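Take a look at the letters that make up each chain.
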Amino acid sequence: MQALRRRDFLRITAGAAASLLAGALRAPAAWAEKFYREPPWRRKKPYWGFGVDVDKCIGCARCVDACKTENDVPREPFYFRTWVERYVIRKDGEVQIEAPNGGLDGYPRVEDAATVAKSFFVPKLCNLCENSPCVQVCPVGATFKTEDGVVLIDKKYCIGCRYCIQACPYGTRYFHPVLQVADKCSVCYHRLKRGLVTACVEVCPTGARMVGDLSDPESNVTKFRENNRVQALKANMGTEPKLVYKGLDKEVR
Amino acid sequence: MKDIEHLVRVAVIFLTAIAFFLVARAMIKPPDYGKLGRYRAGALDDIKALPVKYAGQASCAGCHKAQAKEKAGSSHRGMACESCHGALAAHAAAPKGPKPSKPSEAEMRRFCLRCHEASVSRPAKFPTVDDSKHNPDVACSMCHKPHAPKL
Amino acid sequence: MHDAVVVALRETLGKVTGFIYPNELELQWSILIVLYPYLTGLVAGAFILASLERVFNVKVLKPTYRLSLLTALAFLVIAPLPLQVHLGHPERSFNILFTPNPTSAMAMFGFVYLWYLMAVLLLEIWLDYRKDIVGWADSDPSWLKRLIYKVMTLGVFKPTAKSFEIDDKVGRALTVIGLPSAILLHGYVGFIFGSIKANPWWSTPLMPIIFLFSAMASGIAGVLLLYMFLCWARDVEIEMPCLDTVAKYFLTAVIIAFSLEMLETVQKAYEAEEHFDILQLLIEGKLYLSLIVVQVWLGSLMPILLVGLTQLFELPDKVRKVFYAVSGSLSLVGIFAMRWNVVVGGQFFSKSLMGFTTYKLELAGREGLFSAFVISILPLVVLGVLLWLLPPWEKKPAKA
């Protein structure tokens, strides 16, 4: 009995060691491939992406207003699916960021314009992360990524624990005061599915915002990414947003 | 057997509890959960079924051909009708029903300046005016037609 | 309900400093979520103290063994309550158990919790008390208690002597499983925060370990105080060797927890990543009182000093008791402050790293101070019931 046990033990140990060793030897080949990750839109059509041209944004906040109307976002100045920040960078390096009421009320006049080095508007919305921290942490699968790359919320299933709000690095989520569930930009999924663009893109007077199909080589967002040097917010987080910006500044948070 | 009778009874209680849990789970878990991914597939239908409030440019241009044509040749060509006239899906569905909004002459200046007020933050090429110097107190439409604003 | 939230948030609007993302005005996790790791920590700490007696055979701890187990159970039963109350849809909370998302740290809570409650703690207490329960089922003067005890015997009224031997072995095995389970339970609570990369105040692999050791400190302090209180209430002598040993473990836990916290702080300061400026402002500003004064000075350094003195010098029993009681109380307050600093402190600053929001603790309401107070008292009520039903000391013979 004792001997048999020992033999079993040896066999199991040897087997485990062998498979570990095999794994270690196999590793280098797989290692090289890690540097290239095929974009998900190569495999799935359509696959939604978003682009923002900071150089075109005039800070009119039509998008914020339209978004609140289209998606029944509470009108209070602390619930937004999208908002527009204004950056004022002074020549002495001072950075001032403002988004009063998300931009809906306009922005205070910039004093001492002569001391301003540069100033611009940055619209914010769901970053459409490929590796969404919010989806990762949702305990029940009430927030999820669809097959076409959009992160959505199942409001009938959300338990309202707010973990996703903590996990979003971009602050794009809020807790809906009436529905008592998390809420955020859905890239107007209900509109995309009807062949319409998002409400914010629809009303944007300068074409600073665009939504489109990344799997289509001729689409607006594909061309936008190809023809410009684009950047994602907080790329160090490894979230791989499908929302990209042209004309960002290092001060943009 | 007598020595571990109590442990057997505990085991039975535990197994019953687990069985109860599994039955409850089978009964309560939405049947379409996990069909497409780790979520309720029906949620997609719920979201897709949400009502649209902004009808979209094509919808407007379908009826209002003259305005659309005038605007298409102007510097406001990139703008959607609903950018100024508000969400109009309800109007598109029932043209006799809700009417498009239009800024009155009194509020027009504020309305136009929301985009065209001079500001260091706006792109340099974007046409702006200084409110206090550019014919103050005159409605913009005195000179500029909203659908074709260039003089 | 939500109107009150909106009104409070409108007031908060004027109190923002710097820039925050507009949605960040509302502080999402309130005082109830501070209570959750606090209560869970007391569970883990108390259980680990009990395990020391059982697994490592520290005989001198015998007087606190059962008390620690009952304390752990009382707090464990209440620990999920603040979470439940805090949910926007408490009625949907079973979704966590039925369709858990495996990548979510929070989803695993239900399972870790149930495992720990059912498989470890209840079973261990039951096995330990079974001999007594069988006896009490016969002899207790109250018919109600006799009935409860009878149910608790599961119908085995005449256990064999061999069965108690088996119980002892199974109990020991359970404790051996229970120790890593307790560590898992609380380390996991730390992971809920430590794994949030979006928040630089939380995101650190040290978080589970810091939580664990501060949990041990608070749990041991809790049992220490309870033991002293119960001895006083029952008018029996405190067994000083036991108390001294508990205090020694307490000191160890406090020192390790404090060192880890300092290590973490020094590392953050030295690396000085882009978020360091805002964290420094946070510590020196909004968290000065709760972190520097309460958590560090009163909650960590004072207990280390006081209990340290008892280790260095031979002090009379009376002085030692006072030092232990003061240190234990300070530590309980300090560790509550630590949970506060992590949970609420981590939400004060914007993820834009450019400004702060504020948190106004309401008195009434679902997430108010009153409700938090009730939830913190509840475990003691449960413990009272448990002590009444399962006294950890020899039952006084019924007055004839």
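Residues numbered from 1 in each chain as written. Chains lettered and ligands numbered in written order. Predicted model: local features only at pLDDT ≥ 70, side-chain atom pairs only at ≥ 80, totals over all residues. Heavy atoms only, no water.

S.K.: Which residues make up the overall build of chain A, and what values do they have?
M.R.: Looking only at helices and strands, chain A has seven helices and 11 strands in total. Taken over the C-alpha atoms alone, chain A extends approximately 85 × 40 × 40 Å along its principal axes. The 253 residues of chain A split such that 60% are buried. Taking as baseline every contact in chain A between residues at least 6 positions apart, the subset at least 24 positions apart corresponds to 61%. Put simply, chain A shows about 11,100 Å² of open surface, and 55% of that area lies on carbon and sulfur atoms. (Helix = DSSP H or I, 4+ residues; strand = E, 2+ residues; numbered from the N terminus. Buried < 20%, exposed > 50% of the residue type's maximum accessible area, 1.4 Å probe, protein only. Contact = heavy atoms within 4.5 Å. Areas by Shrake-Rupley, 256 points an atom, 1.4 Å probe, with all protein chains shown as cover.)

S.K.: Kindly report on the interface of chain A and chain C, identifying the contributing residues and their values.
M.R.: Every contact between the two is made by 50 residues of chain A and, on the other side, 45 residues of chain C. Across the chain A/chain C interface, buried area totals approximately 4,000 Å², and carbon plus sulfur atoms make up 55% of it. Contact with chain C buries surface across chain A, with Phe78, Tyr163 and Gln166 of chain A losing the most and accounting together for 20% of the total. Summed over the shared surface of chain A and chain C, the number is three salt bridges. Where Glu76 of chain A meets Arg10 of chain C, a salt bridge forms, and the shortest distance between an N and an O atom there is 3.0 Å. Here chain A is connected to chain C by 31 residue pairs in polar contact (both at pLDDT 80 or more). Among the secondary structure elements, those contributing two or more residues to the side of chain A that touches chain C are β2 (83–90), β3 (95–98), α3 (133–137), α4 (163–167) and β7 (174–175) of chain A. The residue makeup of the side of chain A that touches chain C, split by class, is 31 nonpolar, nine polar and 10 charged. (Buried area = accessible area lost by both parts, 1.4 Å probe. Salt bridge = Lys/Arg side-chain N within 4 Å of Asp/Glu carboxyl O. Polar contact = N/O pair within 3.5 Å; in protein donor to acceptor, adjacent residues only side chain to side chain. Nonpolar A, V, L, I, M, F, W, Y, C, P; charged D, E, K, R; others polar.)

S.K.: Which residues make up the pairing of strand β4 (residues 116–124) of chain A, and what are the values?
M.R.: Residues and elements named next belong to chain A. Counted residue by residue, β4 has seven buried out of nine residues, so it is predominantly covered. Bridging between β2 and β4 involves eight bridges; their strand directions are antiparallel. In the sheet register, Trp83 faces β4, and the bridge partner there is Lys124. (Pairing = 2+ DSSP bridges.)

S.K.: Break down the packing of aromatic side chains for me, with residues and values.
M.R.: Taken as a whole and judged by the stated rule, the model has 25 aromatic pairs over all chains. Taken together, a centroid distance of 5.1 Å and an interplanar angle of 55° make the contact between Tyr107 of chain A and Phe121 of chain A tilted. Taken together, the residues span a long stretch of sequence, with Tyr107 of chain A in the loop between β3 and β4 and Phe121 of chain A in strand β4 at a distance of 14 residues. The burial state of Tyr107 of chain A is the same as that of Phe121 of chain A; both residues are buried. Ring geometry for Trp340 of chain C against Tyr359 of chain C: centres 5.8 Å apart, planes inclined by 40°, an arrangement best described as tilted. Residue Trp340 of chain C is found in helix α13 (residues 317–343), and its partner Tyr359 of chain C is found in the loop between β2 (355–356) and α15 (369–389); the two are separated by 19 residues along the sequence. (Phe/Tyr/Trp six-rings, centres within 6.5 Å; stacked < 30°, edge-to-face > 60°.)

S.K.: Account for the interface of chain A and chain B, with residues named and values stated.
M.R.: On the chain B side, the residues contacting the 46 residues of chain A number 36 residues. Interface area, chain A with chain B, both sides summed: about 3,300 Å², of which 57% is carbon and sulfur. The largest share of the area that chain A buries against chain B comes from Ile58, Arg62 and Glu202 of chain A, three residues that together contribute 19% of it. Its salt-bridge partner being Lys156 of chain A, residue Asp46 of chain B comes within 3.1 Å of it at the nearest N-O pair. Those elements that place two or more of their residues in the side of chain A that touches chain B are α2 (62–71), β4, β5 (143–145), β6 (151–153), α5 (189–192) and α6 (199–203) of chain A. With four residues, the top contributor of residues to the side of chain A that touches chain B is α2 of chain A. Across the side of chain A that touches chain B, the residue classes break down as 21 nonpolar, nine polar and 16 charged.

S.K.: Can you tell me about unusual backbone geometry, naming the residues and giving the values?
M.R.: Looking along the chain, the bond that leaves Lys45 of chain A and enters Pro46 of chain A is cis, with omega of -10°. With respect to the helices, strands and loops of the structure, Pro46 of chain A is situated in the loop between α1 (2–33) and β1 (48–53). Of note, Arg162 of chain A is a non-glycine position whose phi angle comes to about 70°, a positive value. Inspection of the secondary structure puts Arg162 of chain A in the loop between β6 and α4. One non-glycine residue, Asp235 of chain C, adopts positive backbone phi at about 60°. Of note, Asp235 of chain C is situated in the loop between α9 (207–234) and α10 (240–271). By relative accessible area, Asp235 of chain C is classed as exposed at 69%.

S.K.: Give a description of the sheet that holds β4 of chain A that names residues and reports values.
M.R.: Residue and element names in this part refer to chain A. If you trace the three strands from one edge of the open sheet to the other, you get β3-β2-β4, paired in antiparallel fashion. At either end of the open sheet lies a strand with only one pairing partner, and these are β3 and β4. Recorded for the sheet is a direction-independent mean angle of 15° between the axes of neighbouring strands. (Axes fitted to C-alpha atoms, helices over the stretch in contact; angles between N-to-C directions.)

S.K.: Talk me through the nonpolar core; I want residue IDs and the actual numbers.
M.R.: Ranked by size, the top nonpolar core spans 141 residues in total, and within it Tyr163 of chain A together with Tyr116, Leu121, Phe193, Trp201 and Leu390 of chain C carry the most contacts. At 16 residues, the largest contribution of residues to this core is made by helix α2 (residues 31–55) of chain C. When residues no more than four places from it in sequence are discounted, the contact partners of Tyr163 of chain A are Val137 of chain A together with Trp29, Ser104, Ala105, Met106, Phe191, Ile192, Ser195 and Ile196 of chain C. (Core = buried A, V, L, I, M, F, W, Y, C linked by side-chain atoms within 4.5 Å.)

S.K.: Tell me about the pattern of salt bridges, and please be specific about residues and values.
M.R.: In this structure the tally under the stated criterion is 37 salt bridges over all chains. For Arg109 of chain A, the salt bridge identified is with Glu117 of chain B, shortest N-O distance 4.0 Å. One end of the pair, Arg109 of chain A, is in the loop between β3 and β4; the other, Glu117 of chain B, is in the segment after α7 (105–116), on a second chain. In this structure Glu117 of chain B comes out as partly exposed when scored by relative accessible area, which is 23%.

S.K.: Give me the side chain of Asp249 of chain A: which residues, what numbers.
M.R.: Residues and elements named next belong to chain A. Relative to the assigned elements, Asp249 resides in the segment after β11 (243–246). A polar contact of 3.0 Å, which involves the side chain of Asp249, links it to the backbone nitrogen of Glu251. What Asp249 contacts, discounting residues up to four positions off in sequence, is Ile89, Lys118 and Phe120.

S.K.: Any chance you could break down the domain arrangement of chain B for me, citing the residues and the numbers?
M.R.: Entries for chain B in the domain assignment read domain 1 (2–48), domain 2 (52–102) and domain 3 (103–151). Here domain 1 of chain B and domain 3 of chain B have C-alpha centroids that lie 63 Å from each other. (Domains from an automatic or database assignment.)

S.K.: I'd love a proper account of the packing of helix α3 (residues 62–78) of chain C against α15 of chain C, names of residues and values included.
M.R.: Residues and elements named next belong to chain C. For the pair α3 and α15, interaxial distance at closest approach is 8 Å and the crossing angle is 135°. Considering their axes alone, α3 and α15 lie oblique with respect to each other. For the pair α3 and α15, the sense of crossing is right-handed. Here Leu67, Leu70, Thr71, Leu73, Ala74, Phe75 and Ile78 of α3 lie close against α15, whose contacting residues are Ile375, Leu378, Pro379, Leu380, Val382, Leu383, Leu386 and Leu387. Residues of the contact of α3 with α15, tallied by class, amount to 14 nonpolar, one polar and no charged. (Parallel < 35°, antiparallel > 145°, perpendicular 65-115°, else oblique. Left-handed = near helix turned anticlockwise from the far one by under 90°.)

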